[in-house]
Amino acid sequence: MRHPYRRALALGTALTAALGIAAVASGEVQPQAGDYQGVIKGSTTQGGRNAGEGWFAETPTVVGKKMVPAKDQGYDAIIVPSIGPVEGVKKGCTKKPAALDKKAILLSKAQFSYAKKLPIGPHGRKLTLKTSGKWVDRGTVKGTTQISGGGCDTGKLRWTMTNPPPP
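Only a predicted model underlies this, so the values are computations on that prediction, with no experimental measurement involved.

Visitor: Honestly, a nonpolar patch on the surface in this entry has me stumped. Any pointers?
Guide: On the surface, Val 62, Val 63 and Leu 106 cluster together into a nonpolar patch covering about 390 Å² of accessible area. Relative to the assigned elements, Leu 106 resides in strand 6 (residues 105-106). Of the residues examined, Leu 106 reaches a relative accessible area of 58% and is grouped as exposed.

Listed below in structure tokens is the structure:
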């Protein structure tokens, strides 16, 4: 006696395999799940870390992948690399880390983009934060952050974030 669901199971398995092969064949990077950390290119660091470092986690969902806060590292917000509070205050820019106000950002084709006015300036002043990133391999994201408004303009600051983060 044949099992009535055997054909459906075989078809589902074949479709899943075909989609996986198509993603690999298209050259699309598949981001590695876990915590990512990084800093602005050329910024002074100690062991690969500084006050302007970014932290987030990549996690799979039923509809794809998303960025979320790096809760294992103690963060309750997605933080992108910036010039940091110390350097930022000197330039009239960020007083706080560049923390996003979203708890999750869905990734599309292994990349993301985000722009919004956030209260990250001196005395809670709202500044425009624009950031975007793209996975260049499974454990590396390269991107930019720009903060502007109220006399502040950092220009596009380039960064790299990696998984696993430095110890």
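Visitor: Looking at this structure, how should I read the packing of aromatic side chains?
Guide: Think of a pair of aromatic rings as described by two things: how far the centres are apart, and how the planes are tilted against each other in angle. Evaluation of the coordinates by the stated rule reveals 6 aromatic pairs. Seen from their ring centres, Tyr 36 and Trp 135 are 5.6 Å apart, and the 85° between their planes marks the pair as edge-to-face. With a gap of 99 residues between them, Tyr 36 in strand 1 (residues 34-40) and Trp 135 in strand 8 (residues 127-137) connect regions that are remote in the sequence. Neither residue differs from the other here; Tyr 36 and Trp 135 are each classed as buried.

Visitor: Please explain the pairing of strand 8 as it appears in this structure.
Guide: Here is the key point about a regular strand: its side chains alternate between the two faces of the sheet. Sheet topology note: the strand 7 (residues 111-118)/strand 8 ladder contains 8 bridges and is antiparallel. From the neighbouring strand, Lys 117 faces strand 8, where its bridge partner is Thr 128. For strand 8 and strand 9 (residues 140-149), the ladder comprises 9 bridges, and the chain directions are antiparallel. Paired with Thr 128 across the strands is Ser 148, a residue of strand 9. Linking two consecutive strands that pair antiparallel, namely strand 8 and strand 9, is a turn of 2 residues.

Rules behind the numbers
Residues numbered from 1 in each chain as written. Predicted model: local features only at pLDDT ≥ 70, side-chain atom pairs only at ≥ 80, totals over all residues. Heavy atoms only, no water. Patch = residues over 30% accessible without salt bridge, like charges linked within 9 Å, V, L, I, M, F, W, Y side chains within 5 Å. Areas by Shrake-Rupley, 256 points an atom, 1.4 Å probe, with all protein chains shown as cover. Salt bridge = Lys/Arg side-chain N within 4 Å of Asp/Glu carboxyl O. Helix = DSSP H or I, 4+ residues; strand = E, 2+ residues; numbered from the N terminus. Buried < 20%, exposed > 50% of the residue type's maximum accessible area, 1.4 Å probe, protein only. Phe/Tyr/Trp six-rings, centres within 6.5 Å; stacked < 30°, edge-to-face > 60°. Pairing = 2+ DSSP bridges.

Any functional reading would require information that these geometric values do not contain.
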